[in-house]
Amino acid sequence: MTYKPALLFLLVLTGIPRLLHAQKIVNLQCEHLVNPLGIDNKTPRFSWILDDPKTGAVQTSYRIIVAKETGEEVWNSGVIASGDNLVTYKGNALEPFTKYAWSVTLMGNDRRPYPASPAAFFETGMMQQANWQGGWISDGSDIQRKPAPYFRKAFLLKKPVKTARIYIAAAGLYELSLNAAKVGDHRLDPMYTRFDRRNLYITYDVSQQLQQGQNVIGVLLGNGWYNHQSTAVWYFDKAPWRNRPAFCLDLRVRYTDGSEEIISTDRSWKTALSPVIFNSIYTGEHYDARLEIPGWNQPGFDDSKWNTATDRAAPSQLIAAQALHPIRDVENITPVDLKKFNDTNYVFNLGRNISGVSEISVSGAAGTVIRLIHSERLHASGHTDLSNIDVHYRPTDDSDPFQTDIFILKGKGTEIFKPRFNYKGFQYVEVISNKPVELSKSSLRAWFMHSDVPRAGTIETGAPLINKIWQATNHSYLSNLFGYPTDCPQREKNGWTGDAVIALETGLYNFDGITVYEKWLADHRDEQQPNGVLPAIIPTSGWGYQWANGPDWTSTIAIIPWTLYQFYGDSKPLADNYENIKSYVNHIAALYPGGLTTWGLGDWVPVKSKSPVELTSSLYYYKDVTILAKTAALFNRKEDATRYQVLAEKIKNAINGKYLNTKTGIYGSGLQTEQSTPVYWGVVPETMKALVVANLAKKVKEDGVQLDVGILGAKAVLNVLSENGYADLAYQLAARNTYPSWGWWIENGATTLYENWKVDARNDASLNHIMFGDIGAWLYKALGGIFPDPEHPGFSNILLKPNFVKGLNTFRATYNSARGPILSSWEKQGEQLRYTCRVPANSRATFFIPTPWQPQKGFRMPGIQNKNGSYTLPSGTHTILLNEKY
């Protein structure tokens, strides 16, 4: 059944008929978000998934209809003969502040239409800078002033409200309230950007929070990365944008009679200092409950003694919509243990390492000072030990202790404190008070905070250690996702490019993170120098352009959009960053005309052997140029495609000419990183590949079947072995529980991944790092065999190349791809194996039977056998019975 556009909103408002409860079109998204508010993209992307378990189900055509709330149709795509499920809007110009409904109808391969999808929505935001009515305001204080400012605006609504939206942009962080109730469930908004080049605004639906009569908007402003008052080696306190926090807000009210009213920021807003007497995104938050102002954000409050807000220039010329999954309090964690030293000193143990904040409930005398110290480990004495994570902090005095919140009680019953403008990385919380307080395990709880990206994949195996490694990897990945990927949630919180590119596939297999990566790529564009150079950390105040960058790190500009294209079939990230990739590649080519580059950090934190920087950086350079050539071909830029393909061949030949011994198949001195990375990045001549990989396997065995790599080698070695006939050996490395290995960390109590193979390392000793996190993707690829097909991106064709490794009897991977859920599962019983896969509707798979397995006698393989021995499987669920062949 299909519906005319004029009925689209009526169906939503009155309830979609029961027959639509069995819909086959699901997961409708606009800009990779479900029913987003306040988008600025003039040509948004629509996507959906066909949910049809029938074998061979395929979408043969689609039709999209988009309509305004009035029912006026703005785009009817017509029937398009295509299996695409990601389509860009091509209708009439979208208007700002407008709600649109859209629906899609699909035709199946049986020439019958599927029921029309339920109506989905998107709502435009400002669309252009000129539509802002409010001005930027602050409290005018000096950047060194520590207390955070309150702002309030009282206003009167005389008519019934139909809809209302708040649009708010801030330089710094904010907490927004309406009539004393917090607006939304986001944390740490807006996301961190290069504040003098781009600022983000968020849209909230506050239709139900307004009331006829008196209303009050309340805003509390925090420093965030904008006014960084803490001092550390990266000099964020000297950022060129640094200033007292400011914000801009428009409340647009639409009344039931059709009229509109806008309440905006201007000098009529009132401001005063809040009980948040200090806040730092890097160190902690200090709160003096004695300074609370009851009713400050409620109607009827007397603000006659408050100051008038001051006007400020906008921090940048670009105020853009924040279109990504927000940071939230995702999980509440209660302590597993409490140690009481005395009535002024307690240590809580959460039982796991997290990113986030703690929340304490306590009663005590007025003026009691509570310190909450957050750490990853304890001294032998049982007290918190921060020595592994405070090494880059450079305090000027003792007023800003690292990873420490300070709460001063007002002395009235049970008081609750939870920081608003900070997060930390920790497992332990030590509470020290200057007066006796009585605490129990229930007095403290913690919140695991991170960008709330939807889960995409799951791994279940018959090996408890592998399951724990997968879980620890995911915990570290999420602990380092705060609107941009970071290295660690405690010592730095920096957007290290190298860490992020290594963990990219782990993130995409496990979580639907494209919105965060698209935002971070915009940060890349903001930070790129005119000559093409990118810094090692993004965003940055200026640190990282002279050291730690180079192709092995800042290849993020090419590898991330290319990988997003592979996983989502979405070429927009490539189009958005094409000129940036080109500029970056051209700069390296100008500096290193011979094809080899020594620019980079190399194989960071190795076990014992360090491979040449020239080799690893040149490999990343080759990958960047290859991506650029392929992207140019994708966009029909023939001259660029030819030019950069020639350059790629030049780099490949230069690498092989210097480092490959064509007689022995040894790269360099034959270290694990030297042998694996050339294979992983595709420079090894096809005729020599088997020999090079055999030498890698030999080297791994000579090293005692243990790793001797840093982060670049760790990404390559497992994948190269498992994809080239040595999956059993790769699994032995992955499943080790002795030093150096991921399992070694787990055996020593890790619930997240570490920065160093040594659990007792003196340097590089964070206990929540993601830079060794590619093993999370390897589980999906090597054991589940789930790969995107480069020739058919977005999993329109799935490559299924599982390995049924020795030592593991059961394995199950699920992945919610851009085409729908994929399953790859196997169970061994002696020499027999049952393999089950699910191929989503509107997709197909190419299944490769791994050596030494073969179909069981009498079993008829599903699908069609190809010339190379693989099988093309249609959509649906397939069970395949195999025997091990000797």
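Above: the structure in question.
Keep in mind that what you see is a predicted model, and the values were worked out from it rather than measured.

1. Some remarks on the nonpolar core
It is characteristic of soluble globular proteins that their nonpolar side chains tend to be buried jointly.
Right, on to step 1. Grouped together as the largest cluster of nonpolar side chains are 213 residues, with contacts concentrated most on Trp-742 and Trp-778.
Right, on to step 2. A total of ten residues in this core trace back to one element, the largest contributor, which is helix H9 (residues 613-634).
Right, on to step 3. The residues contacting Trp-742, other than those within four sequence positions of it, are Ile-469, Leu-707, Ala-714, Leu-718, Leu-733, Ala-734, Leu-753, Trp-757, Phe-772 and Ile-775.
Right, on to step 4. One finds Ala-170, Tyr-174, Val-253 and Ala-309 within the second-largest nonpolar core, a separate group that totals 27 residues.

2. So, the side chain of Asp-703
Right, on to step 1. Tracing the chain through its elements places Asp-703 in the loop between helix H12 (689-702) and helix H13 (711-722).
Right, on to step 2. Apart from residues lying up to four places away in sequence, Asp-703 is in contact with Gln-672 and Asp-708.

3. Concerning the sheet that holds strand S2 (residues 45-50)
Strand pairing in a sheet relies on backbone hydrogen bonds. The paired strands run either parallel or antiparallel.
Right, on to step 1. With antiparallel pairing, the three strands of this open sheet are ordered in space as S1-S2-S5. Whereas interior strands pair on both sides, the edge strands pair on one side only; in this sheet they are strand S1 (25-30) and strand S5 (86-88). The average undirected angle you get between the axes of adjacent strands in this sheet is 20°.
Right, on to step 2. Both S1 and S2 contribute to a ladder of four bridges, which runs antiparallel. Looking across to S2, one finds that Val-26 is bridged to Ile-49.

4. Here we look at the pairing of strand S29 (residues 404-408)
Right, on to step 1. Most of S29 is tucked away, with five of its five residues classed as buried.
Right, on to step 2. Burial along S29 is two-sided: the residues Thr-404, Ile-406 and Ile-408 and Asp-405 and Phe-407 are all buried.
Right, on to step 3. Summarising the sheet, strand S19 (residues 285-288) and S29 pair through three bridges and their orientation is parallel. Bridging from a neighbouring strand, Asp-288 pairs with Ile-408 of S29.
Right, on to step 4. Note that strand S26 (residues 369-375) and S29 share five bridges and pair antiparallel. Within S29, the position partnered with Val-369 by the bridge is Ile-408.

5. Let's talk about the side chain of Glu-492
Right, on to step 1. As for its position among the elements, Glu-492 is in the loop between helix H2 (464-479) and helix H3 (497-502).
Right, on to step 2. For Glu-492, a relative accessible area of 5% translates into the label buried.
Right, on to step 3. Those residues in contact with Glu-492, other than ones at most four positions away along the chain, are Trp-225, Trp-234, Tyr-282, His-392 and Asp-487.

6. Overview of the packing of helix H11 (residues 672-680) against H12
Right, on to step 1. At a minimum axis distance of 9 Å, the contact between H11 and H12 shows a crossing angle of 150°. Judged by the inter-axis angle, H11 sits roughly antiparallel to H12. In this structure, H11 crosses over H12, and the sense of that crossing is left-handed. Listed contacts from H12 to Gln-672, Gln-675, Ser-676 and Val-679 of H11 are Lys-689, Val-692, Val-693, Asn-695, Leu-696, Lys-699 and Val-700.
Right, on to step 2. Looking at side-chain class alone, the contact of H11 with H12 contains five nonpolar, four polar and two charged residues.

7. Notes on the layout of surface pockets
Right, on to step 1. A volume near 680 Å³ is recorded for the second largest pocket.
Right, on to step 2. Looking at the second largest pocket, it is lined by 28 residues, and the ones nearest its centre are Ala-320, Ala-321, Ala-522, Arg-525 and Lys-572.
Right, on to step 3. Elements with a contribution of two residues or more to the lining of the second largest pocket: strand S22 (319-321), helix H5 (514-527) and helix H8 (572-591).
Right, on to step 4. Looking at which element gives the most residues to the lining of the second largest pocket, the answer is H5, with seven residues.
Right, on to step 5. Its residues placed into classes, the lining of the second largest pocket shows twelve nonpolar, six polar and ten charged.

8. A few points about the sheet that holds strand S44 (residues 871-873)
Right, on to step 1. A sheet is described by the order of its strands in space; here five strands give the open sequence S36-S37-S41-S44-S43, paired in mixed fashion. Edge strands, defined here as strands with exactly one partner in the open sheet, are strand S36 (786-788) and strand S43 (864-865).
Right, on to step 2. The pairing of S36 with strand S37 (residues 797-800) spans three bridges and is classified as antiparallel. Of the residues in S37, the one forming a bridge with Phe-787 is Leu-799.

9. Concerning the packing of H13 against helix H16 (residues 775-783)
Right, on to step 1. Put simply, H13 and H16 touch, their axes get as near as 10 Å, and they point 5° apart. Taken together, the axes of H13 and H16 lie roughly parallel to each other. Side by side, H13 and H16 meet where Leu-718, Asn-719 and Ser-722 of the first sit next to Ile-775, Trp-778, Lys-781 and Ala-782 of the second.
Right, on to step 2. When grouped by side-chain class, the residues that make up the contact of H13 with H16 number four nonpolar, two polar and one charged.

10. A short note on the environment of Ile-202
Right, on to step 1. Topologically, Ile-202 is positioned in strand S13 (residues 199-205).
Right, on to step 2. Sequence separation of Ile-202 and Thr-486 is 284 residues, and the distance between their C-alpha atoms is 22 Å.

11. Section: helix H14 (residues 727-734)
Right, on to step 1. The buried count for H14 comes to six of eight residues, which makes it a mostly enclosed element.
Right, on to step 2. For H14, every residue scored as buried is listed here: Ala-727, Leu-729, Ala-730, Tyr-731, Leu-733 and Ala-734.
Right, on to step 3. On its buried face, H14 is in contact with H2, H12, H13, helix H15 (742-747) and H16.

12. Here's the deal with the pattern of salt bridges
Right, on to step 1. Scanning all chains against the criterion turns up 45 salt bridges.
Right, on to step 2. Two residues, Asp-385 and Arg-377, come together in a salt bridge whose shortest N-O distance is 3.1 Å.
Right, on to step 3. You can call Asp-385 buried: its relative accessible area is 9%.
Right, on to step 4. A salt bridge links Lys-658 to Glu-614, with the shortest nitrogen-to-oxygen separation between them at 2.7 Å. Of the two residues, Lys-658 is situated in helix H10 (residues 638-659) and Glu-614 in helix H9; the sequence distance between them amounts to 44 residues.
Right, on to step 5. You can call Glu-614 buried: its relative accessible area is 15%.
Right, on to step 6. Residues joined by salt bridges that share partners form a network here, namely Glu-31, Arg-45, Glu-518 and Asp-570.

13. What about unusual backbone geometry?
Right, on to step 1. Look at the link from Tyr-739 to Pro-740: it is a cis peptide, with omega at -5°.
Right, on to step 2. Its place among the elements puts Pro-740 in the loop between H14 and H15.
Right, on to step 3. Thr-851 connects to Pro-852 through a cis peptide bond whose omega is 10°.
Right, on to step 4. In this structure, Pro-852 sits in the loop between strand S41 (844-847) and strand S42 (853-855).
Right, on to step 5. One non-glycine residue with positive phi stands out, namely Asn-27, at about 55°.

14. Here we look at the pairing of strand S32 (residues 444-451)
Right, on to step 1. Of all eight residues in S32, seven are buried; the element is thus mostly enclosed.
Right, on to step 2. Note: strand S23 (residues 327-333) against S32, six bridges, orientation antiparallel. When the bridges of S32 are listed, Asp-329 appears paired with Met-449.
Right, on to step 3. Strand direction decides the pairing type here: strand S25 (residues 345-362) and S32, joined by five bridges, are antiparallel. Across the sheet, the residue bridging to Ser-358 is Ala-446, located in S32.

15. So, the packing of aromatic side chains
Right, on to step 1. Under the definition given, this model contains 55 aromatic pairs.
Right, on to step 2. With 5.1 Å between their ring centres and 70° between their planes, Phe-151 and Phe-247 make a pair best called edge-to-face. Of the two residues, Phe-151 sits in strand S9 (residues 149-157) while Phe-247 sits in strand S15 (residues 246-255), which places them 96 residues apart along the sequence. We note that Phe-151, like Phe-247, is buried.
Right, on to step 3. Aromatic side chains Trp-543 and Trp-547 sit 6.2 Å apart centroid to centroid with 65° between the ring planes, which places their arrangement in the edge-to-face category.
Right, on to step 4. Aromatic rings pair up to connect Tyr-192, Phe-195, Trp-225, Tyr-226, Phe-236, Trp-241 and Tyr-484 into one cluster.
Right, on to step 5. Here the guanidinium or amino end of Lys-801 rests over the ring plane of Phe-787, the centre of that ring lying 6.0 Å away.
Right, on to step 6. Just above the ring of Phe-848 sits the side chain of Lys-801; from NZ or CZ to the centre is 5.0 Å.

Here is what the cut-offs are and how they apply
Every chain's residues receive numbers from 1 upward, in the order its sequence appears when written. At least 70 in pLDDT is required for a residue's local features to be given in this predicted model, at least 80 for side-chain atom pairs to be given and counted, and no such filter applies to totals for whole chains, interfaces and linings, which use all residues. Excluded from the side-chain calculation are hydrogens and water; included are all heavy atoms of the structure. We call a set of buried residues a nonpolar core when its members are Ala, Val, Leu, Ile, Met, Phe, Trp, Tyr or Cys and they connect through side-chain atoms within 4.5 Å of each other. Relative accessibility under 20% of the residue-type maximum defines a buried residue, over 50% an exposed one, and the middle range a partly exposed one, all with a 1.4 Å probe and only protein chains included. Numbered from the N terminus, helices here are DSSP runs of H or I no shorter than four residues, and strands are runs of E no shorter than two. In this analysis, two residues are considered to be in contact whenever any of their non-hydrogen atoms come within 4.5 Å of each other. Note: two strands are recorded as paired if DSSP finds a minimum of 2 bridges between them. Between N-to-C directions, angles cover 0 to 180 degrees, with each direction set by a line fitted to C-alpha atoms, over the stretch in contact for helices. Working rule for angles: under 35 degrees goes down as roughly parallel, over 145 as roughly antiparallel, 65 to 115 as roughly perpendicular, anything else as oblique. Each helix crossing is assigned a hand: it is left-handed if the near helix lies turned anticlockwise from the far helix by less than a right angle, otherwise right-handed if that turn is clockwise. Gly counts as polar in this scheme, as do all residues outside two lists: the nonpolar Ala, Val, Leu, Ile, Met, Phe, Trp, Tyr, Cys and Pro, and the charged Asp, Glu, Lys and Arg. Residues are said to line a cavity or pocket when one of their atoms sits within 4 Å of a point; the points come from a 1 Å grid over protein atoms alone, cavities being sets where a 1.4 Å probe fits but cannot get out and pockets being open sets with protein on both sides within 12 Å along at least five of seven lines. Grid points are joined across faces, edges and corners, and a volume is the space filled by probe spheres set on the points. The term salt bridge refers to a pairing of a side-chain nitrogen on Lys or Arg with a carboxyl oxygen on Asp or Glu at a separation within 4 Å. Each Phe, Tyr or Trp ring (for Trp, its six-membered ring) is paired with any other whose centre lies within 6.5 Å, and the angle between the two planes then decides the class: stacked below 30 degrees, edge-to-face above 60, tilted in between. A ring is considered to have a charge above it if a Lys NZ or an Arg CZ atom is located within 6 Å of its centre and within 35 degrees of its normal.

In short, shape yes, function no, at least from these values alone.
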